[in-house]
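Given next are the chains, with one letter for each unit.
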Amino acid sequence: MSRSSTYSCTNMSSDAALILEAANFAAEKHKQQRRKDPEKTPYINHPLGVARILSHEGGITDTAVLQAALLHDTVEDTNTTFEEIELHFGQDVRNIVEEVTDDKTLPKMERKRLQMEHAPHCSQKAKLVKLADKLYNLRDLKRCTPEGWSEQRVQEYFQWASEVVKGLRGTNSILEGKLDHMFMDQGIAV
Ligand SMILES: Nc1nc2c(ncn2[C@@H]2O[C@H](COP(=O)(O)OP(=O)(O)O)[C@@H](OP(=O)(O)OP(=O)(O)O)[C@H]2O)c(=O)[nH]1
Ligand SMILES: [Mn+2]
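Residues numbered from 1 in each chain as written. Chains lettered and ligands numbered in written order. Predicted model: local features only at pLDDT ≥ 70, side-chain atom pairs only at ≥ 80, totals over all residues. Heavy atoms only, no water.

## Some remarks on the site of ligand 1
Phase 1: Near ligand 1 there are 21 residues, and of these Lys-36, Lys-108, Gln-115, Arg-153 and Tyr-157 occur at the shortest range.
Phase 2: One of the side-chain nitrogen or oxygen atoms of Lys-108 is found 2.5 Å away from an oxygen atom of ligand 1.
Phase 3: One of the side-chain nitrogen or oxygen atoms of Asn-137 is found 3.1 Å away from an oxygen atom of ligand 1.
Phase 4: Its free accessible area being 680 Å², ligand 1 has 92% of it covered by the protein chains.
Phase 5: Of all the secondary structure elements, the ones that give two or more residues to the shell around ligand 1 are α8 (108–118), α9 (124–143) and α10 (151–166). (Near = heavy atom within 4 Å. Polar contact = N/O pair within 3.5 Å; in protein donor to acceptor, adjacent residues only side chain to side chain. Areas by Shrake-Rupley, 256 points an atom, 1.4 Å probe, with all protein chains shown as cover. Helix = DSSP H or I, 4+ residues; strand = E, 2+ residues; numbered from the N terminus.)

Next up, the structure:
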């Protein structure tokens with residue numbers, strides 16, 4: 001096979017191409033959004049970081065899981081629909097994104113309660129994304145406090161996250177071990 005034909009398989013979707021497609025889709029969707037930190041970090045840093053935790057730290061190579069990690073906040077936080085996700089990325093990715101998406105029409109307390117209730121019933125793939133999402137957000141909270149958050153609110157987020165993670169256990173020992181260290185460091189029993 002000549003060198004040029006090696007690189008001309010434009011219709012053959014490599015896993016890398018599928019993952020880049022999801023990263024690009026998320027970047028477009030989150031382009032107007034910033035994180036809540038004082039630096040106003042671009043929001044896309046978060047889904048990219050969640051996917052990187054799964055791949056680089058958790059050893060995850062499942063393409064659908066990495067795509068779902070990149071897309072996991074698009075429906076919750078932008079005008080993206082589940083149908084759009086399915087159209088571009090297929091049913092498997094759509095299902096994972098759907099499992100990790102909070103219903104923002106519900107009051108916040110109810111959303112938080114439902115995460116604790118639903119966590120044990122999620123698929124393994126959705127549990128992986130949820131573990132990495134929590135690990136990223138807890139590290140981010142340690143790095144700097146979001147604007148307007150009191151120390152108490154930070155502690156309450158840690159406490160709530162530890163309850164959600166209880167329902168995600170038995171999924172990935174590396175990520176769970178890292179989360180346990182974060183909780184213990186914060187004085188939360190695991
Ligand atoms: N730690 C931190 N979080 C930030 C920052 N900017 C935005 N967030 C997002 O805020 C959410 C946590 O804030 P909350 O006030 O508890 O929740 P809410 O946005 O859903 O109302 C997380 O959403 P999420 O990813 O959907 O996760 P989760 O709330 O379901 O765990 C997190 O990604 C930041 O600078 N630091
Ligand atoms: Mn998230």
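## A word on the confidence of the model for the chain
Phase 1: Taken residue by residue, the chain gives an average pLDDT of 95. The fraction at 70 or more is 94%.
Phase 2: Here residues 1–5 is a poorly scored stretch, pLDDT under 50, and it has 1 contact once near neighbours within four places are set aside; other chains count.
Phase 3: Here the predicted complex carries an ipTM of 0.98, next to a pTM of 0.95. (pLDDT = per-residue confidence, 0-100. Contact = heavy atoms within 4.5 Å.)

## Here's the deal with the packing of helix α4 (residues 63–71) against helix α7 (residues 91–99)
Phase 1: Where α4 meets α7, the axes come as close as 9 Å, and the angle between the chain directions of the two elements is 50 degrees. Between α4 and α7, the interaxial angle falls into the category oblique. The element α4 and its partner α7 pack so that their crossing is right-handed. In contact with Ala-64, Val-65, Gln-67, Ala-68 and Leu-71 of α4, α7 contributes Asp-92, Val-93, Ile-96 and Val-97. (Axes fitted to C-alpha atoms, helices over the stretch in contact; angles between N-to-C directions. Parallel < 35°, antiparallel > 145°, perpendicular 65-115°, else oblique. Left-handed = near helix turned anticlockwise from the far one by under 90°.)

## Regarding the environment of Glu-28
Phase 1: For Glu-28, the position within the fold is in helix α2 (residues 15–29).
Phase 2: Classification of Glu-28 as partly exposed rests on a relative accessible area of 48%.
Phase 3: Sequence separation between Glu-28 and Glu-117 is 89 residues; the distance between their C-alpha atoms is 32 Å. (Buried < 20%, exposed > 50% of the residue type's maximum accessible area, 1.4 Å probe, protein only.)

## Considerations on the packing of aromatic side chains
Phase 1: On inspection of all chains with the given rule, the structure shows 3 aromatic pairs.
Phase 2: When the centroid spacing of 5.3 Å and the interplanar angle of 90 degrees are considered together, the rings of Phe-25 and Phe-89 count as edge-to-face. Of this pair, Phe-25 sits in helix α2 while Phe-89 is found in helix α6 (residues 82–89), placing the two residues 64 residues apart along the sequence.
Phase 3: Classification of Phe-25 by relative accessible area gives buried; the value is 11%.
Phase 4: Among the aromatic residues, ring-to-ring pairing joins Trp-149, Tyr-157 and Trp-160 into one connected group.
Phase 5: The ring of Trp-160 carries the charged tip of Lys-112 above its face, separated from the ring centre by 4.0 Å. (Phe/Tyr/Trp six-rings, centres within 6.5 Å; stacked < 30°, edge-to-face > 60°. Lys NZ or Arg CZ within 6 Å of the ring centre and 35° of its normal.)

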